[in-house]
Amino acid sequence: MAQRPSTPRWPPRASPCFNASILQSSHPIFAGVEGPLPTILGMNKLDFRNDGSSRLLATCNIGGSDWPLLAARNHGRARTLAWATDIGPHWLSQDFLGGRSAAN
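Model, not experiment: these values are computed from the prediction.

A. Here's a closer look at the overall build of the protein chain. What the protein chain contains, in helices and strands, is one helix and four strands. From first element to last, N terminus to C terminus, the protein chain shows the α and β order β-β-β-β-α. Counting only residues that meet the buried cut, the protein chain has 28% of its 104 residues in that class. Contacts spanning at least 24 positions in sequence make up 50% of the contacts within the protein chain whose residues lie at least 6 apart. When the accessible surface of the protein chain is summed, it comes to about 7,600 Å², and 51% of that surface belongs to carbon and sulfur atoms.

Below, the structure written as structure tokens:
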């Protein structure tokens, strides 16, 4: 039976916490937000739709590149939002888990 190639973990485990950067502070979604966004404990890797239909509102710098954190888009009469955090225990720091391992 052939083995499946391993896929790298995203984000890399070397950095358990990530700093978010607001790119468009004038967007209404940030109304009332003062100061930086809180530390991000885990993320899903997304591809940003860079065709002009979406607005990238916030990113996290991971491994030297900016990953989309928050994006918004109008679609017809609707609006959509992508928020890329992941707070699954496999990403969380031991401080957040209260000493429990991710396997618990």
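Moving on, there is more to tell.
B. Quick peek at the sheet that holds strand E3 (residues 65-75). Here we have four strands laid out as an open sheet, ordered E1-E2-E3-E4, and antiparallel in their pairing. Both outer strands of the open sheet, strand E1 (20-22) and strand E4 (78-83), are each paired with one neighbouring strand and no more. For this sheet, the mean inter-axis angle between neighbouring strands, taken without regard to orientation, is 20 degrees. Sheet topology places strand E2 (residues 54-62) next to E3; eight bridges connect them, and they run antiparallel. If you follow Arg55 over to E3, its bridge partner there is Ala72.

C. Quick look at the packing of aromatic side chains. Under the counting rule described, the total for this entry stands at zero aromatic pairs. A cation sits over an aromatic face here: Lys45 above Trp67, 4.9 Å from the ring centre.

D. Highlighting the side chain of Ser54. Position of Ser54 relative to the elements: it lies in strand E2. Of the residues examined, Ser54 reaches a relative accessible area of 16% and is grouped as buried. With sequence-adjacent residues up to four places away left out, Ser54 is seen in contact with Phe48, Arg49, Ala72 and Arg73.

E. View of a nonpolar patch on the surface. Together, Ile29, Leu81 and Trp83 make up a nonpolar patch on the protein surface, roughly 300 Å² of accessible area in all. Checked against the element boundaries, Leu81 lands in strand E4.

Conventions used here
- Residues numbered from 1 in each chain as written.
- Predicted model: local features only at pLDDT ≥ 70, side-chain atom pairs only at ≥ 80, totals over all residues.
- Heavy atoms only, no water.
- Helix = DSSP H or I, 4+ residues; strand = E, 2+ residues; numbered from the N terminus.
- Buried < 20%, exposed > 50% of the residue type's maximum accessible area, 1.4 Å probe, protein only.
- Contact = heavy atoms within 4.5 Å.
- Areas by Shrake-Rupley, 256 points an atom, 1.4 Å probe, with all protein chains shown as cover.
- Pairing = 2+ DSSP bridges.
- Axes fitted to C-alpha atoms, helices over the stretch in contact; angles between N-to-C directions.
- Phe/Tyr/Trp six-rings, centres within 6.5 Å; stacked < 30°, edge-to-face > 60°.
- Lys NZ or Arg CZ within 6 Å of the ring centre and 35° of its normal.
- Patch = residues over 30% accessible without salt bridge, like charges linked within 9 Å, V, L, I, M, F, W, Y side chains within 5 Å.
- Salt bridge = Lys/Arg side-chain N within 4 Å of Asp/Glu carboxyl O.

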